[in-house]
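Residues per chain, in single letters:
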Amino acid sequence: MSKFAGLDQGLVVAGFGRHFIVETPDGERLVCHPRGKKSEAVVGDLVRWQAAGDEGVIEHIEPRRNLLFRQDEWRTKSFAANLDRLLVLVAGEPMFSESQLARALIAADHAGIDARIVLNKTDLPHAAAARERLAPYATMGVDLVELALKARPQEARERLQPLLAGSTTLVLGPSGTGKSTLINLMVPAADAQVGEISRALGTGRHTTTTTTWYWLDEARTAALIDSPGFQEFGLRQIEPQQLPLHMPDLRAHAGDCRFYNCTHRQEPGCGVLAAVERGDIAPSRHRIYQELLDEVSREKF
Ligand SMILES: Nc1nc2c(ncn2[C@@H]2O[C@H](COP(=O)(O)OP(=O)(O)O)[C@@H](O)[C@H]2O)c(=O)[nH]1
Ligand SMILES: [Mg+2]
Ligand SMILES: [Zn+2]
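Described below are features of the structure shown in this document. Every chain is numbered independently, its residues counted from 1 as its sequence is written. Here every chain gets a letter starting at A, and every ligand a number starting at 1, in the order they are written. Side-chain atom pairs in this predicted model are given and counted only at pLDDT of 80 or more, local residue features only at pLDDT of at least 70, and totals for whole chains, interfaces and linings cover all residues. Excluded from the side-chain calculations are hydrogens and water; all other atoms, namely the structure's heavy atoms, are used.

1. Quick look at the overall build of the chain
Just so we agree on the cut-off: Runs of E in the DSSP output that reach at least two residues are strands. Runs of H or I that reach at least four are helices, and both are numbered from the N terminus. As a reference, a globule follows 2.2 Å times the number of residues to the power 0.38, and the radius of gyration itself is taken over C-alpha atoms. Each residue gets one of three labels from its accessible area relative to the maximum for its type: buried under 20%, exposed over 50%, partly exposed in between, using a 1.4 Å probe on protein chains only. Working rule for contacts: check all heavy atoms of both residues, and any pair within 4.5 Å makes them a contact.
A tally of helices and strands in the chain yields eight helices and 13 strands. Its C-alpha radius of gyration of 21 Å places the chain within 12% of the 19 Å reference for a compact globule of 301 residues. In terms of principal-axis extent, the alpha carbons of the chain reach across some 65 × 45 × 35 Å. Relative to its 301 residues, the chain shows a buried fraction of 51%. The contacts in the chain between residues at least 6 apart in sequence include a share of 65% that link residues at least 24 apart.

2. As for the coordination of the zinc ion (ligand 3)
The expected angle between donors at a tetrahedral four-coordinate metal is 109.5 degrees. At an octahedral six-coordinate metal it is 90 or 180 degrees. Rules: Note that water is not among the atoms considered, so a metal site may appear incomplete; the donors listed are N, O and S atoms within 2.8 Å of the metal, with 3.2 Å applied to Na, K and Ca. Labels for metal geometry use angle windows, namely 85 to 135 degrees for all angles of a four-donor tetrahedral site, and for square planar (four donors) or octahedral (six donors) sites opposite donors over 155 degrees apart plus all others within 65 to 115; sites meeting none of these are irregular.
Taken together, the protein donors to the zinc ion (ligand 3) comprise Cys257 (SG), Cys262 (SG), His264 (ND1) and Cys270 (SG), at separations of 2.1 to 2.4 Å. Geometry at the zinc ion (ligand 3) is tetrahedral, judged from its four donor atoms and the angles of 100 to 115° they form at the metal. We note that the donor set of the zinc ion (ligand 3) lies within a single chain, spaced as C-x4-C-x1-H-x5-C. For the pair His264 and Cys270, one class covers both residues: buried.

3. Description of the packing of aromatic side chains
The condition that has to hold: Working definition: rings of Phe, Tyr and Trp (its six-membered ring) pair if their centres are within 6.5 Å, and the pair is stacked with planes under 30 degrees apart, edge-to-face with planes over 60 apart, and tilted otherwise. In this scheme, Lys NZ or Arg CZ marks a charge over a ring once it lies within 6 Å of the ring centre and within 35 degrees of the ring normal.
Per the counting criterion, the structure on display carries three aromatic pairs. Each member of the aromatic cluster is reached from another via a ring pair, and the members are Phe79, Phe230 and Phe233. Positioned over the ring face of Phe96 is Arg133, at 5.6 Å from the centre of the ring.

4. Topic: the pairing of strand 6 (residues 67–71)
Stated precisely, the cut-off is as follows: Whether two strands pair comes down to DSSP finding at least two bridges between them.
Strand direction decides the pairing type here: strand 6 and strand 7 (residues 76–81), joined by five bridges, are antiparallel. In the strand pairing of strand 7, Leu67 is matched with Ala81. Counting the residues between successive antiparallel strands, the hairpin from strand 6 to strand 7 contains four residues.

5. So, the site of ligand 1
We count it as follows: Whether a residue is near a molecule or strand is decided by its heavy atoms; if any one of them lies within 4 Å of it, the residue is near. Counting of polar contacts relies on pairs of N or O atoms within 3.5 Å, with two restrictions inside protein: one atom must be capable of donating a hydrogen and the other of accepting it, and residues adjacent in sequence are counted only when both atoms are side-chain atoms. All accessible-area figures derive from a Shrake-Rupley calculation using a 1.4 Å probe, and residue coverage is judged against the displayed protein chains alone. Only Asp, Glu, Lys and Arg are considered charged, only Ala, Val, Leu, Ile, Met, Phe, Trp, Tyr, Cys and Pro nonpolar, and every remaining residue, Gly among them, polar.
Taken together, 16 residues form the shell around ligand 1, and within it Asp123, Lys150, Gly176, Lys179 and Thr181 come nearest. Contact between ligand 1 and Lys121: an oxygen atom at 3.1 Å from a side-chain N or O atom of the residue. Interatomic distance of 3.0 Å between a backbone N/O atom of Leu149 and an oxygen atom of ligand 1. Contact with the protein chains covers 72% of the free accessible surface of ligand 1, which is 580 Å². No other element matches the three residues that helix 4 (residues 179–186) contributes to the shell around ligand 1. A per-class count over the shell around ligand 1 returns five nonpolar, seven polar and four charged.

6. Observations concerning the nonpolar core
Just so we agree on the cut-off: Buried Ala, Val, Leu, Ile, Met, Phe, Trp, Tyr and Cys residues that are joined via side-chain atoms within 4.5 Å together make up what is termed a nonpolar core.
Residues Leu68, Leu86, Tyr137 and Leu243 are the most contacted members of the largest nonpolar core, which totals 68 residues. A total of eight residues in this core trace back to one element, the largest contributor, which is helix 1 (residues 98–111). Leu87, Leu147, Leu149 and Leu185 belong to the second-largest nonpolar core, a separate cluster that totals 21 residues.

7. Considerations on the packing of helix 1 against helix 8 (residues 283–297)
Going by this rule: Axis geometry follows a simple rule: fit a line to the C-alpha atoms, using only the stretch in contact for helices, then measure angles between N-to-C directions, giving values from 0 to 180 degrees. For this classification, under 35 degrees means roughly parallel, over 145 means roughly antiparallel, 65 to 115 means roughly perpendicular, and everything else is oblique. Left-handed is the label given to a crossing in which the near helix is rotated counterclockwise from the far helix by less than a right angle, and right-handed is the label when the rotation is clockwise.
Where helix 1 contacts helix 8, the two axes come as close as 10 Å, and the packing angle between them is 65°. Considering the angle they form, helix 1 stands roughly perpendicular to helix 8. Crossing angle aside, the handedness with which helix 1 passes helix 8 is right-handed. Contacts between helix 1 and helix 8 involve Glu98, Ser99, Ala102, Arg103 and Ile106 on the former and, on the latter, Ser284, Arg285, Ile288, Glu291, Leu292 and Glu295.

Geometric values such as these leave the question of function open.
Given below as structure tokens:
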């Protein structure tokens, strides 16, 4: 038995860098600080904590099922832990960046997390261009849900409910795409839950936009996590040779190359290039692959 087993359990529901909001099994929320300098806890972590006055100290983080993070040259930023699913929310207005979408899907695949794409604002004419940009993803088997969260909320709710039931879902996407609209549609008590966090933080401590956990139901069986930081999606955690294996359309042809160490850039007898040539891999995907390969191949510090 772990030496932490006697301590109180908790779930990290918000993180502010140097302090966290931890929810107890009976639903109370309190401020907790990490033991020591390093603050390794992330939203979704199950922790063991010890009271220290009105606040708490996180003594232990339970082993994680998974962790979604991005890593640039200098640092690692975690989105959340112990996820069942990632929803990448995109729209035609503002038009999403395909590179950012690809990066999120690769990071999820690397972390072993199921990922889906949600195209929002399908009531707008720009949706057609977004749908076209998403075509390679639908072809490679990524599940795509089309919604109009604001224009057709009832239909959106019916589509999302079965997808979210009984699970923990992280929502990522560029700003202006509808993340807040989605949270407010699916989480009736969203304001109250944010209020609980503000109350725990007390006055004087400001609530900057941060990763936030929302319960979808009173029984607390399903949750949505809203996280900023979709930009700057570094993938330095991926080894160059592993990169094609996290891209399903490339992976399907990466075994057909003449050379075992083919980089799929210009080698003769490359199965990936042949597939691009035939139109089985979208040119945009091969372009993104090369851009990412350059990035992950750069000298690491
Ligand atoms: N036309 C249209 N606008 C939407 C839809 N969903 C959200 N919006 C609008 O898009 C804007 C950004 O939404 P918001 O939820 O704040 O996006 P966030 O930045 O991702 O949190 C708001 O003005 C919403 O009203 C939709 O289905 N159709
Ligand atoms: Mg928002
Ligand atoms: Zn090749």
